[in-house]
Amino acid sequence: MTSPTPALVAGHLDPEAARRMNKLGVILLIVGDAFFTFSLVFTYLYLRGLNTNGQWLTQKGAHPVSATYTWLVVLVVAASWLAYRWAERGGTDKARIVLGAGLASALVVLDLGLQVGQMVGAGFTPRDGAYQSAWMALAGYHVVHLLLTLFLGVAIVNRARLGRFAETAWHVTMVGYWWTWLVLATVIIAAATSLATTVPRA
Amino acid sequence: MTTSVTAAPSPPVAPVTAGGIMRHLNVVTGIVMGVLLATATWWVTSSTFPVLDEGDHKDDAVTILTLVAWVIGFLIGVGAFVGPARWLLGRDLTVEDEHYLAGKDAGVARYFRFTTDHKVVGMQYLVTTMVLFGFGGTLAMLIRTNLITPGSRFVDPATYNSLVGIHGITMIIATIIMVSGPFGNFILPIMIGARDMAFPRLNALSFWLLFAAVPVLISSLFLGGISTGWSAYAPLSDQANRGMDAFLVTIVTFAISTGVAGMNITTTAVRMRARGMTWSRTPIFVFGTVASVALGLVAFPMFEVAMIELGMDRGMGAGFYDPSIGGSGWLYANLFWLMGHPEVYVILLPAIVALMEITPVFTRKPLFSFTSAILGIMGIAGLSLFVWAHHMYVAGWAPVLGGPFMVTTELISIPTGLLFLVLLGTLWRGRVWMRLPVMAVYALLWNFTIGGITGIYLSDIPVDQAMHGSMFVTAHFHYTLMGAGLTGAMGALAYWFPKMTGRMLHEKAGAIGFWVAQVGFNVTFMGMFAVGLAGQPRRVADPGTYFRVGNLISSIGAYTIMLGMLTFLGAIIYSWRAGSVASASPWGARTLEWQTPTPVPLENFEVLPVVTQDFYGYGEDGHRAAAGAPAPGTPGGPGAPPPQGPDAPPQRVEVGAP
Amino acid sequence: MSTGRHEGQRLDTRTTWRRPPVLPILVIWAVLTVLLLLFAPVPARLMGRPASPTMQEIETTVTWFTGLSAPVAALVWAILLYSVFRWRHRGPQPPPEDGSGRRDNRRVFTIWVLGSAVLCLFLLVWGLVVIAPRTSEANPAQEPILVDVTGQQWAWSFTYPDEGNKSATELYLPVGQTVAFRVTSKDVIHSFWLVQLGIKVDANPGETTVATVRPTQIGTFQLRCAELCGLYHSYMQTTVHVVSVADYEAWAQSPAEAHS
């Protein structure tokens, strides 16, 4: 797979240069995503603070989602992150990457189930009001995050299984950066939605 | 990361068939796939979605999903997902595949498929930008035609509002990409001595996302138009017709495109600079473009959120902006301007730094005060994130914050002043070789002075009470975005045209077109300042007899701009087809893009250059820009310097006081 | 290296400011400054005769800002003009030799930064000082007349709580008295703009915003919507009648106008 012609694209740079380059790229993408996430959290907190027309969670039968359930979702994500970290620490140990990333991906699937379950069982739709809209947007974005992570996790498992990380073991590290951000984002979202629910002065 | 790997680089698991599916994909398959997926989505959603008891959300949901399906289908069809899919499957692209993707030996066909070569992407951006300007400009002419006489019924109010909205968003998109798209992609990697962008496939992705967004934007014309202006203030945008759905899908697609491009250009500039190109030897164009796209990377996600929430409001009946169930238009306004003010500098910075690149070449002097340029760029980029609420002085959302935002806004005048200092200092006692590129510097300094000073009026809260939402604001930001931004982009095009097309831009026709457009521009927007001061609100279809004279003047000016721009366009088309053939370095400039042959070969450099000093050493005896592969036939070509080692300090000759 | 060599000058012993190019640029600068100063009153003229102290302040500020920016703009344009005529190299080929290799000038940099900082500081002080009395105007000794303003697509309506909730579709105000507008909207965001009185505040659905003004001119003025609010935005305007106190009271006593 090596070529005498000068390097054309990133994948065929020397692995260390490629790793540094990809690391910066992944971090920048995470920064962009962070601003996206913060905007959704801002939406939630700002609408709560404004409480326009006294409509934040004051409709008949309106109730916030269960905070316990929310933190359960966080817990499963954190567990998947730990499993992934364990795999990553194993260097290029093929079996360990397959096992760790596989477990992590399975936990992501579980978390997907939990999150979708929470959305379906929440007992409201975005039509019901500002709280319901803002919460659904945050939960929905968590689902998008999980789907993306699942793609990355499955790819790492598959590539490890095929032994295709030899030249490019840094792929595992790059996905690790994303996984860490996933946990952080989940904690931020959960903190906002569980600590700030009803309007204090309402 | 240890290198004691289990096996030597392993062969592909499954033998890759010569080619694979990606060799059959191009823009046509993209369009077919997009239309198919959109049609299927439309059919499925419109036959299964329930009609909710209140509102008309079903139509909007169907429209949004159909348009999103078009974008996704197009990307699948054009082959954007081949790379990730093969990564998932562990069948990484071979060198042969990558050469295919880069468009090696592919001729003109490479411009019509998912090609990763940054030069192809740059040309694709250039043509797209010009198409968008043509479209947006046509709408502007319709607007001005309607305003020639009061009570004109050239178009009805609904159409007029749509024209204003579509003109606005088209021009915003066009100006955002006008420098960092064509020149940031084509020129910047060569300028820093790289073979390509850091992430070539993402580079192609960002262009084709933009390409996919253009038909969505145009479809808004047939879905009732964008009747809210490009700011799409909620809750007006909640109740607007389905053109708004097209608008929000356009924005989300474009925001992803811009974010990906921003990440890519930033990584390229930070990580891929040639050996010896320290930050102090990096051309200023790189700094400004990176500041701009990095700003875009953080600003656009906020707009994207605003648009997704708008989509939820419209398609699902959510309550983000609907006050009756607890939403607020102020939420939208904040998210919009959190993007909206950095965006102004996303547009301006690349245009100004392009001219900073041009000025030393045509004055045969070093760039004056490189430090000021860096400080100016960083100051503007930093402050621009903290000024958004000056667009909302009269919104009433937080009157106490008016003072602090006035402070940050007026502070921006200091770094902006530094940019003026750099340009004026470089002109000072230069030997100004008055060619088309440097003419843009003069036009920009004239226009941007007016744009900047009128911005000071608007930054003052009491004065803004009288001017907010009036034509004065419209004139002000046209002076900055068009008078400074577009002018800079035209200069950049004239400057890099020989490198990109291999031919010289026709000097006389180009200059006539340029100056006619500049004169028309000043007439148009001086008239607009006048009617704004007299109290004409923005975006009114029928401003009334009181403003007749000013509006007539503006319209005459607008037709003059059209004449000038058409002449300029004619010069471009003529020169592209039949202009005189350009040498590799027709301006005698020193930056690396002029040290490679024209047309630029696939990997830009035969041997990667090593940089030993910066590129502004004009007038310094015996010092010439380093070049790895000096092109044959370069006029005034570099007497190749004795290699001084990659870490030799930039050499400067201090001169006495003037 | 003589920086002025391409101008074909002999060694010049005059002080910096008296040598070309500084002296001719100073002359051009002075001429342009004077011209721009003559232009300075024009924007305020275009804004029309002020009908309130608020508008008076705005027009004064505009005139001062124009006057103060005159020398700044004149400096930029003077250098541009001079360079076009004196530093221009003609012909299709680049100039045979480079210009001066000078890259920096500490003194110029320092003066430039200090100058722009002082100007900026002036703007800030000016802006903040002008804001201060305006906020206190919200709590004048005299109780302001309240007017509830409602925007809806595409008309304004007014209610006078002090006058037994009298409602109207044209605005009547007594001269010389402070009026506080409580502005809201029924549907989308509008902007309540009393053009000649120099106040503007958005009408937000679900929120009430306040603006205060004291009209000082009797006459009829314009109220326009300044935020695009849909189809007939350009027709969402009405007349403001500033009348004598006696006329105002007579109007307030008259039966409410019938409005559709």
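Per-chain numbering applies: the sequence of each chain, read as written, is numbered from 1 onward. As a convention, the first chain written is A and the first ligand written is 1, with the rest following in written order. The model is predicted, so local features are restricted to residues of pLDDT at least 70 and side-chain atom pairs to those at 80 or more, both for listing and for counting; the totals for chains, interfaces and linings are taken over all residues. For the side-chain quantities, the full set of heavy atoms in the structure was used; hydrogens and water were omitted.

Chemist: How should the overall build of chain C be read in this particular structure?
Modeler: Scanning chain C from terminus to terminus reveals five helices and eleven strands. The rule is simple: take the accessible area with a 1.4 Å probe, protein chains only, and divide by the maximum for that residue type; under 20% is buried, over 50% is exposed, in between is partly exposed. Looking at chain C as a whole, 47% of its 260 residues qualify as buried. Throughout, a contact is declared for two residues whenever any of their heavy atoms are within 4.5 Å. Look at the contacts in chain C between residues 6 or more apart in sequence, and 66% of them connect residues 24 or more apart. For chain C, the computed accessible surface area is about 12600 Å², with 61% contributed by carbon and sulfur atoms. A run of H or I in DSSP counts as a helix once it spans at least four residues, and a run of E counts as a strand once it spans at least two, with each numbered from the N terminus. Throughout, the Shrake-Rupley method with a 1.4 Å probe supplies accessible areas, and for residues the shown protein chains are the sole cover considered.

Chemist: Would you mind going over the nonpolar core with me for this structure?
Modeler: Nonpolar side chains tend toward joint burial in soluble globular proteins. Residues enter a nonpolar core if they are buried and are Ala, Val, Leu, Ile, Met, Phe, Trp, Tyr or Cys, with the set joined through side-chain atoms within 4.5 Å. Counting 270 residues, the largest nonpolar core has B:Ile284, B:Tyr332, B:Met356, B:Leu445, B:Met467 and B:Trp496 as the members making the most contacts within it. Ranked by residue count, the leading element in this core is helix α12 (residues 329-363) of chain B, at 24 residues. Setting aside residues no more than four positions away along its own chain, B:Met467 makes contact with B:Tyr457, B:Leu458, B:Phe472, B:Val473, B:Leu533, C:Met47, C:Val62 and C:Lys200. Core analysis: the next-biggest nonpolar cluster, separate from the first, contains 37 residues, C:Ala51, C:Ala168, C:Val183 and C:Tyr248 among them.

Chemist: How should I be thinking about the sheet that holds strand β7 (residues 190-194) of chain C in this particular structure?
Modeler: To summarise the sheet geometry, strands pair through backbone hydrogen bonds and adopt either a parallel or an antiparallel arrangement. Residue and element names in this part refer to chain C. In spatial order, the strands read β5-β11-β10-β7-β8; together these five strands make up an open sheet with mixed pairing. Sheet topology places β5 (171-174) and β8 (199-203) at the edges, where each strand pairs with a single neighbour. The average angle at which neighbouring strand axes cross in this sheet is 25 degrees, direction not considered. A pair of strands is treated as paired once DSSP finds two or more bridges between them. Where β5 meets strand β11 (residues 237-243), four bridges bridge the pair, whose relative direction is parallel. Directly across from leucine 173, in β11, lies its bridge partner valine 242. Axis definition: a line fit to C-alpha positions, over the contact stretch in the case of helices; interaxial angles, taken between N-to-C directions, run 0 to 180 degrees. Along the sheet face, helix α5 (residues 245-253) touches β5 and β11 and points at about 135 degrees away from the line of β5.

Chemist: Got a minute to help me understand the interface of chain B and chain C in this structure?
Modeler: When the parts of a complex come together, some accessible area is lost, and that lost area is often taken as the interface size. Taken together, the contact between chain B and chain C spans 95 residues of the former and 88 residues of the latter. Buried area between chain B and chain C, summed over both chains or domains, comes out near 8000 Å², and the portion from carbon and sulfur atoms is 65%. Think of a salt bridge as a Lys or Arg side-chain nitrogen and an Asp or Glu carboxyl oxygen that are within 4 Å of each other. Linking chain B with chain C are three salt bridges. With its nearest N and O atoms 3.7 Å apart, the salt bridge here joins B:Arg590 to C:Asp98. As used in this structure description, the phrase polar contact means that two N or O atoms lie within 3.5 Å; if the pair is within protein, one of them must be able to donate a hydrogen and the other to accept it, and residues adjacent in sequence are counted only when both atoms belong to side chains. On inspection of chain B and its partner chain C, the count reaches 25 residue pairs in polar contact (both at pLDDT 80 or more). As judged from the two bridges shared by strand β1 (residues 432-433) of chain B and strand β1 (residues 88-89) of chain C, these two strands associate in the parallel manner. Within β1(C), the residue paired with B:Trp433 across the bridge is C:His89. Note on definitions: buried area is the accessible-area loss of two parts on being combined, 1.4 Å probe, summed for both.

Chemist: Is there a simple way to think about a nonpolar patch on the surface in this case?
Modeler: Excluding any residue in a salt bridge, patches collect residues exceeding 30% relative accessible area, merging like charges within 9 Å and nonpolar Val, Leu, Ile, Met, Phe, Trp and Tyr side chains within 5 Å. A cluster of nonpolar residues, C:Trp17, C:Leu23, C:Leu26, C:Val27, C:Val31, C:Val34, C:Leu35 and C:Leu38, forms a patch on the protein surface that exposes about 750 Å² of accessible area. Within the secondary structure, C:Val31 sits in helix α1 (residues 22-39).

Chemist: Would you explain the packing of helix α5 (residues 118-146) of chain B against helix α8 (residues 200-219) of chain B in this entry?
Modeler: Helices that pack against each other are described as a pair by the angle of their axes relative to one another and the distance between those axes. Residue and element names in this part refer to chain B. Where α5 contacts α8, the two axes come as close as 10 Å, and the packing angle between them is 20 degrees. Classed by the angle they form, the pair α5 and α8 counts as roughly parallel. With respect to the hand of their crossing, α5 and α8 are arranged in left-handed fashion. On the side of α5, the interface is formed by His118, Val121, Gln124, Tyr125, Thr128, Leu132 and Phe135, while α8 contributes Asn203, Ala204, Ser206, Phe207, Trp208, Leu210, Val214 and Ile218. Classifying every residue of the contact of α5 with α8 gives ten nonpolar, five polar and no charged. Relative orientations are named as follows: roughly parallel for angles under 35 degrees, roughly antiparallel for angles over 145 degrees, roughly perpendicular for angles from 65 to 115 degrees, and oblique for any other angle. Helix crossings are classified by the rotation of the near helix relative to the far one: an anticlockwise turn of less than a right angle makes the crossing left-handed, while a clockwise turn makes it right-handed. Here the term charged refers only to Asp, Glu, Lys and Arg, the term nonpolar to Ala, Val, Leu, Ile, Met, Phe, Trp, Tyr, Cys and Pro, and the term polar to all other amino acids, Gly among them.

Chemist: Please explain the UniProt feature "transmembrane region" (unreviewed entry) in chain C as it appears in this structure.
Modeler: Residue and element names in this part refer to chain C. UniProt positions are given in the numbering used here, feature names are shortened, and annotations may be inferred rather than shown by experiment. UniProt records the feature "transmembrane region" (unreviewed entry) at residues 21-42, 62-87 and 108-132, using the numbering of this structure. The distance separating the terminal C-alpha atoms of residues 21-42 is 32 Å; by composition the span is 91% helix and 0% strand. Split by type, residues 62-87 is 96% helix and 0% strand. Its first and last C-alpha atoms lie 36 Å apart.

Chemist: Mind showing me how you'd approach the sheet that holds strand β3 (residues 155-160) of chain C here?
Modeler: Residues and elements named next belong to chain C. Spatially, β4-β3-β2-β6-β9 is the arrangement adopted by the five strands of the open sheet, whose pairing is mixed. The two strands at the open ends of the sheet, each matched to only one other strand, are β4 (166-168) and β9 (209-213). Neighbouring strand axes in the sheet, compared pairwise and without regard to direction, differ in orientation by 25 degrees on average. Two elements, strand β6 (residues 179-185) and β9, share five bridges in a ladder whose sense is antiparallel. Of the residues in β9, the one forming a bridge with valine 183 is threonine 209. Those strands touched by α5 are β2 (145-152), β3 and β4, and its axis lies near 100 degrees from that of β4.

Chemist: In this structure, what is going on with the domain arrangement of chain B? I would like to understand it.
Modeler: All names here are of chain B. Note that domain bounds follow an automatic or database assignment of domains. Taken as a whole, chain B is organised into domain 1 (21-98) and domain 2 (115-578). A straight line from the C-alpha centre of domain 1 to that of domain 2 covers 30 Å. In this assembly, 17 residues from domain 1 lie in contact with 22 residues from domain 2. Buried surface at the junction of domain 1 and domain 2, summed over both partners, amounts to about 1600 Å²; 75% is from carbon and sulfur atoms. In this assembly, domain 1 and domain 2 are joined by one salt bridge. For aspartate 60, the salt bridge goes to arginine 314, with nearest N and O atoms at 3.0 Å.

Chemist: For this particular structure, what's the right way to read the domain arrangement of chain C?
Modeler: All names here are of chain C. Examined at the domain level, chain C breaks down into domain 1 (14-88) and domain 2 (145-253). On the side of domain 2, eleven residues touch domain 1, which itself brings eight residues to the contact. Considering only the surface of domain 1 that becomes buried against domain 2, Arg49, Ala51 and Pro53 emerge as the three largest contributors, covering 54% of it. Joining domain 1 to domain 2, the criterion identifies zero salt bridges. Linking domain 1 with domain 2 are four residue pairs in polar contact (both at pLDDT 80 or more), by the criterion used here. Among the residues making up the side of domain 1 that touches domain 2, the classes are represented as five nonpolar, two polar and one charged.

Chemist: In this structure, what is going on with the packing of aromatic side chains? I would like to understand it.
Modeler: The description of an aromatic ring pair rests on the distance of the ring centres and on the angle between the ring planes. Only Phe, Tyr and Trp rings are paired, with Trp represented by its six-membered ring, and only when their centres lie within 6.5 Å; those with planes under 30 degrees apart are stacked, over 60 edge-to-face, the remainder tilted. Applying the stated criterion across every chain yields a total of 63 aromatic pairs over all chains. A centroid spacing of 4.9 Å and a plane angle of 55 degrees characterise the contact between B:Phe472 and B:Phe529, whose relative ring orientation is tilted. Within this pair, whereas B:Phe472 is found in helix α18 (residues 471-501), its partner B:Phe529 is found in helix α19 (residues 507-533), the two being separated by 57 residues in sequence. Note on accessibility: B:Phe472 and B:Phe529 belong to one class, buried. Through pairs of rings, three or more aromatic residues link up here, namely B:Tyr457, B:Phe472, B:Tyr479, B:Phe521, B:Phe525, B:Phe529, C:Trp64, C:Phe65, C:Phe122 and C:Trp126. Over the ring of B:Tyr618 we find B:Arg590; its NZ or CZ atom is 4.6 Å from the centre of that ring. Only lysine NZ and arginine CZ atoms are considered, and such an atom sits over a ring when it is within 6 Å of the ring centre and within 35 degrees of the ring normal.

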